[in-house]
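Survey of secondary and tertiary structure
Okay, here's what each chain looks like letter by letter:
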Amino acid sequence: MLMASPQTLVLCLLVLAVTEGWGQEAAIPGCHLHPFNVTVRSDRQGTCQGSHMARACVGHCESSAFPSRYSVLVASGYRHNITSVSQCCTISGLKKVKVQLQCVGSQREELEIFTAHACQCDMCRLSRY
């Protein structure tokens, strides 16, 4: 009978703990909607506040790096010797949602925020929004 080393058992437990914390979305390849709770305040003092279950895009997409073609090497003066191709998990659709804010006393306010409506693997950008 084969016995696993203590290091192997610890590694397995760590992998299970990490993937369990993100839910099933992170364990499935691709880019998926992931719910999270957000607290919204009307101002810095928190005069009015409320919470809402918003959604983000979480996951991973394809990436690769390979030696550049000869034509790329020549065109770049032999400086571009590695070509990288990658995609990032991004929000492809936004949706406005209304959040009810509870203010001091019994006063209420309503505020609109954006939440992710759809996700996809797309070209990586420094900032989209």
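Residues numbered from 1 in each chain as written. Predicted model: local features only at pLDDT ≥ 70, side-chain atom pairs only at ≥ 80, totals over all residues. Heavy atoms only, no water.

Looking up the protein chain in an unreviewed UniProt entry gives the name Glycoprotein hormone alpha-2, with the organism given as Callithrix jacchus. You can read under Subunit (unreviewed entry) in the UniProt record for the protein chain the words "Heterodimer with GPHB5; this heterodimer interacts with thyroid-stimulating hormone receptor (TSHR), and hence stimulates cAMP production." What UniProt records for the protein chain under Subcellular location (unreviewed entry) is the sentence "Secreted". (UniProt positions renumbered as here; feature names shortened; annotations may be inferred.)

Now for the nonpolar core. With seven residues, the main nonpolar core is built from Val40, Cys48, Val97, Val99, Leu101, Cys103 and Ile113. Per element, the largest residue contribution to this core is four residues, and it comes from strand S4 (residues 82–103). Cys31, Cys57, Cys61 and Ala116 belong to the second-largest nonpolar core, a separate cluster that totals five residues. (Core = buried A, V, L, I, M, F, W, Y, C linked by side-chain atoms within 4.5 Å. Buried < 20%, exposed > 50% of the residue type's maximum accessible area, 1.4 Å probe, protein only. Helix = DSSP H or I, 4+ residues; strand = E, 2+ residues; numbered from the N terminus.)

On to the pattern of salt bridges. The final tally for this structure, using the stated rule, is three salt bridges. Here glutamate 112 makes a salt bridge to lysine 96, at a shortest N to O gap of 3.7 Å. Taken together, the residues span a long stretch of sequence, with glutamate 112 in strand S5 (residues 108–123) and lysine 96 in strand S4 at a distance of 16 residues. Accessibility expressed as a relative area gives 52% for lysine 96, which makes it exposed. Arginine 125 is the partner of aspartate 122 in a salt bridge, and the nearest nitrogen-oxygen pair spans 3.5 Å. In this structure arginine 125 comes out as partly exposed when scored by relative accessible area, which is 40%. (Salt bridge = Lys/Arg side-chain N within 4 Å of Asp/Glu carboxyl O.)

Across all of its chains, the model carries five disulfides by this definition. With its sulfur 2.0 Å from that of its partner, cysteine 48 forms a disulfide with cysteine 103. Here the disulfide of cysteine 48 and cysteine 103 is right-handed, its torsion about the S-S bond being about 110°. One end of the pair, cysteine 48, is in strand S2 (residues 48–60); the other, cysteine 103, is in strand S4, with 55 residues separating them in the sequence. The burial state of cysteine 48 is the same as that of cysteine 103; both residues are buried. Across the disulfide from cysteine 88 sits cysteine 124; the S-S distance is 1.9 Å. In this structure the cystine formed by cysteine 88 and cysteine 124 twists about its S-S bond by roughly 100°; its chirality is therefore right-handed. Of this pair, cysteine 88 sits in strand S4 while cysteine 124 is found in the segment after S5, placing the two residues 36 residues apart along the sequence. Assessed through its relative accessible area of 31%, cysteine 88 is described here as partly exposed. On the accessibility criterion, cysteine 124 (30% relative accessible area) is partly exposed. (Disulfide = S-S within 2.5 Å.)

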